[in-house]
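Fold and geometry: a report
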Amino acid sequence: MTTDQLADVKFRLSEVLPQIAAHLSQRSERGQVAQYIPPLARIDPGKFGMAIVLNDNSVHAIGDAQEAFSIQSISKVFALTLALGKLGDGLWRRVGREPSGDAFNSIVLLEHEKGIPRNPFINAGAIVTSDVLLASHEPRETIGEILRFVQFLAEDSDISIDPFVAQAETATGFGNFALANLLKANGNLQNLPEQVLGVYHHQCSIAMTCRQLAQAGAFLVSEGRNPLNGFQIVAPERARRINALMMTCGHYNGSGDFAYRVGVPAKSGVGGGVLAIVPRIASIAVWSPGLNQHGNSLLGTEALEMLCKEMRWSVF
Ligand code: DON
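Just so it is clear, the model here is predicted, and its values are computed rather than measured.

Locating Glu98 in the fold gives a position in the loop between α3 (75-87) and α4 (108-112). A C-alpha to C-alpha distance of 7.5 Å links Glu98 and Thr248, two positions 150 residues apart in sequence. In this view, Glu98 contacts Arg118, Asn119 and Cys249; residues no more than four positions away in its chain are not counted.

As structure tokens, then:
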């Protein structure tokens, strides 16, 4: 963006962001907070935050943008980035790149497709990605590697894992154990299911603020280069491909509706967060804990829809 374009974007954001916050604060229907992980079920559904990082590194935030929340499945974007760094295109021998049209935790396709998950963002695919990262390490080393990567991307060493969420996920993650066992039975896990899920459940339990999350995602805006420190995190082509997967698979069986309404690559989590990328322009993190029927943030999606419409941001 030229300096004039950037100034125009900043001016419009200063008008649009308060309008979005005011509009959504009046909504009584806010979706349902995730019930199956007890610490998430206790989160106040009235929370709402949004942060936008532009490619000059300026941050534009509203609401509870400085409050940490559980990033959950948004962590799958960072784990995928690391796994592609390790295996390159070899990853695609173990995980597909097609939307599943099923719920994030569905087991149905996995049996039909002989243990090859449809994509790296459904739980089965993310469990394979965790297995790739685990390789022959101890789970705590791999958990540390993922956490340090996210801290490095956001340039913020305060980012941490919520141990209560991690413990609750392990205690209630029977569906994930079923997926991991089926993957193992089909020869698509190198490590033991409990070790792989130790990694997966901890990566999901990373807690971040909207501001930290938008900063961590910024490398996907600028062709793989982190605007905060200038490091080339991934090659431009890989950044485009990660964005393509976010666009087609980032909202599970709600991905089509999200693309139709919002029109930019994005990844959701059951903590109510969404990371959205407007290539060459902005990295956006939004948080509203109430979810829609697909497990994606109800008001978070609405906020992104309003923002992208008002700013005329779309990849289409
Ligand atoms: O595997 C699970 O159930 C969670 N830890 C993550 C799920 C999630 O965030 C799905 N996204 N909407």
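Let's shift gears to the site of the ligand. Among the 14 residues in the neighbourhood of the ligand, the closest are listed as Tyr36, Gln72, Ser73, Glu169 and Tyr200. Note that a nitrogen atom of the ligand is positioned 2.8 Å from one of the side-chain N or O atoms of Gln72. Here a nitrogen atom of the ligand sits 3.1 Å away from a polar atom, N or O, in the side chain of Tyr252. With the chains in place, 98% of the 340 Å² that the ligand exposes on its own is no longer accessible. The residue makeup of the shell around the ligand, split by class, is six nonpolar, seven polar and one charged.

Counting buried residues along helix α10 (residues 210-217), seven of its eight residues qualify, which places the element largely inside the surrounding structure. The set of residues buried in α10 consists of Cys210, Gln212, Leu213, Ala214, Gln215, Ala216 and Gly217.

The next point concerns the sheet that holds strand β9 (residues 282-287). Paired through backbone hydrogen bonds, the strands of a sheet run either parallel or antiparallel to each other. The strand order across the open sheet built from five strands is β3-β2-β9-β8-β7, with neighbouring strands paired in antiparallel fashion. Sheet topology places β3 (59-63) and β7 (266-268) at the edges, where each strand pairs with a single neighbour. Recorded for the sheet is a direction-independent mean angle of 10 degrees between the axes of neighbouring strands. In the sheet, strand β2 (residues 49-54) pairs with β3 via five bridges, with the strands oriented antiparallel. In the strand pairing of β3, Ala51 is matched with Ala61.

Each value, and the rule that gives it
Residues numbered from 1 in each chain as written. Predicted model: local features only at pLDDT ≥ 70, side-chain atom pairs only at ≥ 80, totals over all residues. Heavy atoms only, no water. Helix = DSSP H or I, 4+ residues; strand = E, 2+ residues; numbered from the N terminus. Contact = heavy atoms within 4.5 Å. Near = heavy atom within 4 Å. Polar contact = N/O pair within 3.5 Å; in protein donor to acceptor, adjacent residues only side chain to side chain. Areas by Shrake-Rupley, 256 points an atom, 1.4 Å probe, with all protein chains shown as cover. Nonpolar A, V, L, I, M, F, W, Y, C, P; charged D, E, K, R; others polar. Buried < 20%, exposed > 50% of the residue type's maximum accessible area, 1.4 Å probe, protein only. Pairing = 2+ DSSP bridges. Axes fitted to C-alpha atoms, helices over the stretch in contact; angles between N-to-C directions.

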